[in-house]
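Structural overview for review
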Amino acid sequence: MSVPTSTDLPTPEALTAFGAGHLPGLIGIRFTHAEPGLLRSELTVRPELLAPNGFLHAASVVALADTTCGYGTRMLLPPDASGFTTIELKSNHLGTAREGTVTCEARKVHAGRTTQVWDAEVTGPDGRLMALFRCTQAVLYPKPTPAGG
């Protein structure tokens with residue numbers, strides 16, 4: 001996925017398809033909204049995503065939030081960047097779910113040349129806040145070719 005122009009923004013369907021064959025597709029993350037600095041996604045709770053105690057596994061929630069923030073990061077990378085990587089994440093879990101669809105809204109806090117910071121809220125099927133999430137992404141650049149080599 002390249003950095004979008006105003007006429008080249010990825011659709012939610014394209015973002016969903018981008019995760020096919022990888023963790024986002026495996027757990028079923030679907031994007032519902034995409035604009036620079038704001039993304040929304042959702043995940044249907046199913047037995048494979050639950051912890052042995054019958055509640056949605058915290059890792060499922062983190063995967064939803066981190067993926068949503070990460071795709072937002074991709075949309076705002078500087079033109080000369082080669083990619084990014086998560087260097088820090090924090091989550092506060094305030095509730096959980098056993099069934100239904102959980103949603104995520106991710107918002108850009110900072111988008112600089114070397115780092116991006118994103119916040120996300122995950123909401124349960126009942127509309128209640130389920131988790132708060134913040135991540136910091138390191139923007140990566142191609143390594144320069146050594147002189148004479």
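Thresholds applied
Residues numbered from 1 in each chain as written. Predicted model: local features only at pLDDT ≥ 70, side-chain atom pairs only at ≥ 80, totals over all residues. Heavy atoms only, no water. Helix = DSSP H or I, 4+ residues; strand = E, 2+ residues; numbered from the N terminus. Contact = heavy atoms within 4.5 Å. Pairing = 2+ DSSP bridges. Axes fitted to C-alpha atoms, helices over the stretch in contact; angles between N-to-C directions. Phe/Tyr/Trp six-rings, centres within 6.5 Å; stacked < 30°, edge-to-face > 60°. Buried < 20%, exposed > 50% of the residue type's maximum accessible area, 1.4 Å probe, protein only. Lys NZ or Arg CZ within 6 Å of the ring centre and 35° of its normal. Disulfide = S-S within 2.5 Å.

**As for the side chain of T73**
One can find T73 in helix α3 (residues 58–75). Residues within four places of T73 in sequence aside, it is in contact with F84, Q116, W118 and Q137.

**Examining the sheet that holds strand β5 (residues 115–123)**
If you walk across this open sheet you meet the six strands as β1-β2-β4-β5-β6-β3, and the pairing is antiparallel. Unpaired on one side and paired on the other, β1 (30–35) and β3 (83–93) mark the two borders of the sheet. Geometrically, the sheet is characterised by an average inter-axis angle of 20° between neighbouring strands, direction not taken into account. With five bridges connecting them, β1 and strand β2 (residues 38–44) associate as antiparallel partners. Among the inter-strand pairings, A34 is bridged to a residue of β2, identified as L39.

**Some details on the packing of aromatic side chains**
The tally for this structure, following the rule as stated, stands at two aromatic pairs. Residues F18 and Y71 carry aromatic rings whose centres are separated by 5.6 Å and whose planes lie at 75° to one another, so their mutual orientation is edge-to-face. Linking F18 in helix α1 (residues 12–18) with Y71 in helix α3, this pair joins segments that are 53 residues apart in sequence. With a centroid separation of 4.8 Å and an interplanar angle of 10°, the aromatic rings of F31 and Y71 are classed as stacked. Here the residue F31 occupies a position in strand β1, and Y71 occupies one in helix α3, the gap between them amounting to 40 residues. Across the pair, Y71 and F31 agree in class, each one buried. Members of the aromatic cluster, each reached through a chain of ring pairs, are F18, F31 and Y71. Looking at R98, its charged tip hangs above the ring of F55, at a distance of 3.8 Å from the centre.

**Describing the state of the cysteines**
Within this structure, the stated rule accounts for zero disulfides. Here C69 is not disulfide-linked; the sulfur of C135 is the nearest cysteine sulfur, at 4.0 Å. Note on C104: no disulfide assigned, nearest cysteine sulfur contributed by C69 at a separation of 6.0 Å. Here C104 falls in the buried class, since its relative accessible area comes to 3%.

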